[in-house]
Amino acid sequence: MQITSQQIENCLQSCKACLQACNECYVACLQESEVDIYRDCLRLVRQSAEICMVAISALSLDSMFSSQICKLTAEICETCAKVCGQHEQDHCRKCAHACYQCAAACHEMVVH
């Protein structure tokens, strides 16, 4: 399967949007009055943000490991979306949505 430049661009933009949403969610969760209930969310949004940065770098460099990195990015973002989606806060909902979109775009980058 040949990856198109449009798919790469879509994945890059989705990873950037996810990175931003995860960072915003992280900051907002830390400001919640009962921060302990966001412990799993906090861990996952950091991991998701970090892997998105790696994916952005790999895609920008046309790395031979882009497919593997995108596969892992999709897995982490899907997990993050599930955990964030359990919270009612707007920042968590936005993060979950961005993570699901990123995961979908990253799945398209996986070469079988």
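Residues numbered from 1 in each chain as written. Predicted model: local features only at pLDDT ≥ 70, side-chain atom pairs only at ≥ 80, totals over all residues. Heavy atoms only, no water.

With an unreviewed UniProt entry as reference, the protein chain is termed Four-helix bundle copper-binding protein, source organism Brevibacillus laterosporus.

Draft legend 1. Looking closely at the overall build of the protein chain. Within the protein chain, the regular secondary structure consists of four helices and zero strands. In sequence order, the secondary structure elements of the protein chain are arranged as α-α-α-α. Over its C-alpha trace the protein chain gives a radius of gyration of 14 Å, about what one expects of a compact globule, namely 13 Å for 112 residues. Projected onto the principal axes, the alpha-carbon positions of the protein chain cover approximately 50 × 20 × 20 Å. Within the protein chain, the fraction of its 112 residues that count as buried is 46%. Across the protein chain, every contact between residues at least 6 apart in sequence was considered, and the portion connecting residues at least 24 apart equals 71%. Of the roughly 6400 Å² of accessible surface on the protein chain, 53% is carried by carbon and sulfur atoms. (Helix = DSSP H or I, 4+ residues; strand = E, 2+ residues; numbered from the N terminus. Rg over C-alpha atoms; globule rule 2.2 N^0.38 Å. Buried < 20%, exposed > 50% of the residue type's maximum accessible area, 1.4 Å probe, protein only. Contact = heavy atoms within 4.5 Å. Areas by Shrake-Rupley, 256 points an atom, 1.4 Å probe, with all protein chains shown as cover.)

Draft legend 2. Up close: the nonpolar core. Counting residues in hydrophobic clusters, the biggest one holds 37 residues, and the most contacted among them are Cys41 and Cys84. A total of ten residues in this core trace back to one element, the largest contributor, which is helix α2 (residues 39-60). When neighbours within four sequence positions are excluded, Cys84 is seen to be in contact with Cys25, Cys41, Val45, Cys92, Cys95 and Ala96. (Core = buried A, V, L, I, M, F, W, Y, C linked by side-chain atoms within 4.5 Å.)

Draft legend 3. A look at the environment of Ala104. Within the secondary structure, Ala104 sits in helix α4 (residues 90-107). On a C-alpha basis, the gap between Ala104 and Cys29 in space is 25 Å, while along the polypeptide they are 75 residues apart.

Draft legend 4. Spotlight on the packing of aromatic side chains. Under the counting rule described, the total for this entry stands at zero aromatic pairs. Note that Arg46 overlies the ring of Tyr26, its terminal NZ or CZ placed 5.2 Å from the centroid. (Phe/Tyr/Trp six-rings, centres within 6.5 Å; stacked < 30°, edge-to-face > 60°. Lys NZ or Arg CZ within 6 Å of the ring centre and 35° of its normal.)

Draft legend 5. Structural view of the state of the cysteines. Taken as a whole and assessed by the stated rule, the structure comprises zero disulfides. With no disulfide partner, Cys22 has as its closest neighbouring cysteine sulfur the one in Cys95, 3.7 Å distant. No disulfide involves Cys106; its sulfur sits 3.6 Å from that of Cys11, the nearest cysteine. (Disulfide = S-S within 2.5 Å.)

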